[in-house]
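Breakdown of the fold
Letter by letter, the chains look like this.
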Amino acid sequence: MAAEGRRFDANGDELPRMTLLEHLDELRKRLLWSIVAIFVGFLLCWYWAQPIFRWMAVPITQFLPPGEKLAFTGLVDPFMLYMKVALLAGIFLASPVVLWQFWLFVSPALYRNERRIVVPFVFFTTVFFVAGGYFGYKIAFPMVVRFLLTVGQEFRQVVTINEYFSMASKVILGLGLVFELPVLIMLLARFGIVTARFLLKYFRFAVLIIFIIAAVITPTPDMATQSVFAVPMVGLYLIGVLVAWLFGKKAPPAAD
């Protein structure tokens, strides 16, 4: 693994170290391309914003009485809702490009043979991100909705479209990012920052930190929603331990 700030050409020869301004300029370039990709994804998804939201609303509409719909309180609320829906869908659509830009940002610190994994990296990070979002939509969020509707069953519920989308997007996007944990651990292991033994040694502290993070990022303060984030994170952490063991930086052999 190359030291931070070192770059290598196609032949594996070291290039001059990047300065702080060069790092910032590279970061600006990658962020700009990512924003362009998300904007293009937004434009492509705008036409299907209404059916996309109907699909997103299934976790709650399946529990509503026949004929009852979500509500809105302002005239511009539906329009702004479809803007947000198209943006969220555009993020998932543009995720391969965004993750590729992330790879281009970190790849100068890798040796030539390590840069060859660009295709597996972009593929698996995209798969994990989409899988996390689908897990949030199909399993986690319906559990949260069912729990919260059960708690408030003594009252007449009036859920607005803004309130619903805010919670749904946080769960779906949040779990999409959470599912990138094994990839993050793989990168840390490749840089030699963590090892599988280190991760197992501090597993108890990791679980505590995971539940604290889950309490911070969950859209509601109830334990059910926090567990929806925390339990998959614990499982992904254990997957990350296996990934660190398989792909982590190997220690040099001891001298005789």
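Residue indices follow the written sequence of each chain, beginning from 1 at its first position. This being a predicted model, a pLDDT of at least 70 is required before a residue's local features are given, and a value of 80 or more before pairs of side-chain atoms are given or counted; all residues contribute to the totals for chains, interfaces and linings. Here the side-chain values reflect all heavy atoms present in the structure, with hydrogen atoms and water set aside.

Section: the overall build of the chain
Let me state the cut-off plainly: A helix here means a DSSP run of H or I that spans at least four residues, while a strand means a run of E at least two residues long, and both kinds are numbered starting from the N terminus. Here's how the labels work: a residue is buried when its accessible area is under 20% of the maximum for its type, exposed when over 50%, partly exposed in between, all with a 1.4 Å probe on protein chains only. Working rule for contacts: check all heavy atoms of both residues, and any pair within 4.5 Å makes them a contact. For every accessible area listed, the method is Shrake-Rupley and the probe measures 1.4 Å; residues are considered covered only by the protein chains on display.
Broken down by element type, the chain carries eleven helices and two strands. Taken across its 256 residues, the chain has 40% of its residues classed as buried. Sequence-distant contacts, at least 24 apart, represent 80% of the contacts inside the chain between residues at least 6 apart. Of the roughly 15500 Å² of accessible surface on the chain, a fraction of 71% belongs to carbon and sulfur atoms.

Notes on the nonpolar core
Definition in use: Throughout this description, the term nonpolar core refers to a set of buried Ala, Val, Leu, Ile, Met, Phe, Trp, Tyr and Cys residues connected via side-chain atoms within 4.5 Å.
Counting residues in each nonpolar core, the largest one holds 51 residues, and the members touching the most others are Phe53, Leu70, Phe141, Tyr164 and Tyr237. Here Phe53 is in contact with Leu70, Leu81, Tyr82, Val85, Ile161, Tyr164 and Phe165, once residues within four sequence places are set aside. Formed by eight residues, the second largest nonpolar core is a distinct cluster that contains Phe121, Val183, Leu187 and Val243.

Section: helix H4 (residues 77-93)
Basically, it comes down to this: A helix is expected to span 1.5 Å for every residue after the first.
With 17 residues, H4 extends 24 Å between its outermost C-alpha atoms, agreeing within 8% with the 24 Å of an ideal straight helix rising 1.5 Å per residue. Along H4, the residues that are buried comprise Asp77, Leu81, Val85, Ala86, Leu88, Ala89, Gly90 and Phe92.

Structural notes on the packing of helix H10 (residues 203-217) against helix H11 (residues 223-247)
The packing of two helices is summarised by the inter-axis angle and the distance between the axes. Defined as follows: For helices, the axis comes from a line fit to the C-alpha atoms of the stretch in contact; other axes are also lines fit to C-alpha atoms, and the angle between any two N-to-C directions lies between 0 and 180 degrees. In a left-handed crossing the near helix is turned counterclockwise from the far helix by less than a right angle, and in a right-handed crossing that turn is clockwise. Residues are sorted three ways: Asp, Glu, Lys and Arg are charged, Ala, Val, Leu, Ile, Met, Phe, Trp, Tyr, Cys and Pro are nonpolar, and all the rest, Gly among them, are polar.
Packing of H10 against H11 brings their axes to within 9 Å, and their N-to-C directions diverge by 145°. Judged by the sense of rotation from one axis to the other, the crossing of H10 with H11 is right-handed. Together, Phe203, Ala206, Val207, Ile210, Phe211, Ile213, Ala214, Ala215 and Ile217 of H10 and Gln226, Phe229, Ala230, Met233, Val234, Tyr237 and Leu238 of H11 make up the contact between the two elements. In terms of residue class, the contact of H10 with H11 is built from 15 nonpolar, one polar and no charged.

Section: the packing of aromatic side chains
For clarity, the threshold we go by: Only the six-membered ring of Trp is used, alongside the rings of Phe and Tyr, when aromatic pairs are assigned; centres must lie within 6.5 Å, and planes under 30 degrees apart are stacked while those over 60 apart are edge-to-face, with the rest tilted.
Applying the stated criterion to the full structure yields 14 aromatic pairs. With centroids separated by 5.8 Å and ring planes inclined at 70°, the aromatic side chains of Trp46 and Phe79 adopt a geometry described as edge-to-face. Highlighted residues: Trp46 in helix H1 (residues 20-46) and Phe79 in helix H4, separated in sequence by 33 residues. Note on Phe79: relative accessible area 46%, which makes it partly exposed. What links up through ring pairs into an aromatic cluster is the set Phe39, Phe42, Trp46 and Phe79.

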